[in-house]
Amino acid sequence: MKLLCPVKTGIFLTVVLLATSMPVAAQKYKEDFNSAQEAAKGSLWADARNLFFSAATGADEAADSEVAQRARYAVAQIDYKMGTTAFKAEDFETALKHYSDGETIYPAYIKNVYGKGLALRKLGREEEALDNFMAASAAPGDRKTSLAAENQIRDHFISQASTRLAKRNATRADADAALTALASLTQLMEADSDTYYYTAQAHYVKGDWASAISAAEQALAIHNGSRTDKAKIYYVLGESYVSINDRGAAKNAFQNALYGAYKLSAEHYLETL
């Protein structure tokens, strides 16, 4: 019998080993996926994440795009869950890491992008937070999260405006800064009642009472909140009418401002007009 030469024998053994090991390796990622599901059912989130990640890697090697995508999606969901747990515990650095990891492995799961924005805001990194809210608001597929991101964008600019106007002796420069912030907001999305309210306040500070009255009336036209919340709009409207000596219109406005924090001040105006 003719013996195989050492070189050919080595090649033969290598081929045999590869042939017998491939089905086992190909199935391991599916086993990891199933084990990850069981770990998730038991709320063993760290274990589940590791197993899903391993399943995604194995599925990539096996060219199984369906399992790879499902596994990555699951990892992103777990990252969001762990990030939110850390966020609620006020561990914002850890929350940011989880959200960032989730965004990296599955960018289309925009809850992690939104979560990054929240964590960054808590860490005082407001401009970075805004970038993430902008990205989340524009992303398709999860309208609920996109709307939440839009609200955060509104909060960003409304906060800038209200902070400048809340000063005891707000100046024209403060009013101009507030109007700049509000203009930036309206470039991104439709103005709401608060946008018009702070616009009215800014114009009142600047002494542009006609513009203040116009903005306040626009705020009232679309306002859908409580009477107490609406009182603030009527109050700035009343003050603007006082400034142009329209006593009748001022009284009507202050009558509607007799609620909540504005009640006593509105009563004072009504007694003196």
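Residues numbered from 1 in each chain as written. Predicted model: local features only at pLDDT ≥ 70, side-chain atom pairs only at ≥ 80, totals over all residues. Heavy atoms only, no water.

Things to note about the packing of aromatic side chains
Think of a pair of aromatic rings as described by two things: how far the centres are apart, and how the planes are tilted against each other in angle. All chains considered together, the criterion is met by twelve aromatic pairs. Look at F33 and F52: their rings are 5.3 Å apart centre to centre, the planes differ by 75°, and that puts the pair in the edge-to-face class. Here F52 lies in helix α2 (residues 45-61) and F33 lies in helix α1 (residues 6-41), a separation of 19 residues in the sequence. What makes F52 buried here is its relative accessible area of 6%. Each ring, one from Y235 and one from Y269, has its centre 6.0 Å from the other, and the planes form 65°; the classification is edge-to-face. (Phe/Tyr/Trp six-rings, centres within 6.5 Å; stacked < 30°, edge-to-face > 60°. Helix = DSSP H or I, 4+ residues; strand = E, 2+ residues; numbered from the N terminus. Buried < 20%, exposed > 50% of the residue type's maximum accessible area, 1.4 Å probe, protein only.)

Some thoughts on the nonpolar core
Core analysis: the largest hydrophobic core is formed by 51 residues, its most contacted members being Y198, L237 and F254. Setting aside anything within four residues of it in sequence, one finds F254 in contact with Y235, G238, E239, V242, A266, Y269, L270 and L273. (Core = buried A, V, L, I, M, F, W, Y, C linked by side-chain atoms within 4.5 Å. Contact = heavy atoms within 4.5 Å.)

Details of the pattern of salt bridges
Here the structure, examined in full by the defined rule, presents 17 salt bridges. Between K206 and D176 there is a salt bridge, with the nearest N and O atoms lying 2.7 Å from each other. Placement of the pair is K206 in helix α9 (residues 193-206) and D176 in helix α8 (residues 172-188), with a sequence separation of 30 residues. For D176, a relative accessible area of 34% corresponds to the partly exposed category. Put simply, D194 and K232 hold a salt bridge, and the shortest N to O gap is 3.2 Å. Here the residue D194 occupies a position in helix α9, and K232 occupies one in helix α11 (residues 227-243), the gap between them amounting to 38 residues. Owing to a relative accessible area of 12%, K232 belongs among the buried residues under this scheme. Among the charged side chains, a network of salt bridges with common partners joins R164, K167 and D174. (Salt bridge = Lys/Arg side-chain N within 4 Å of Asp/Glu carboxyl O.)

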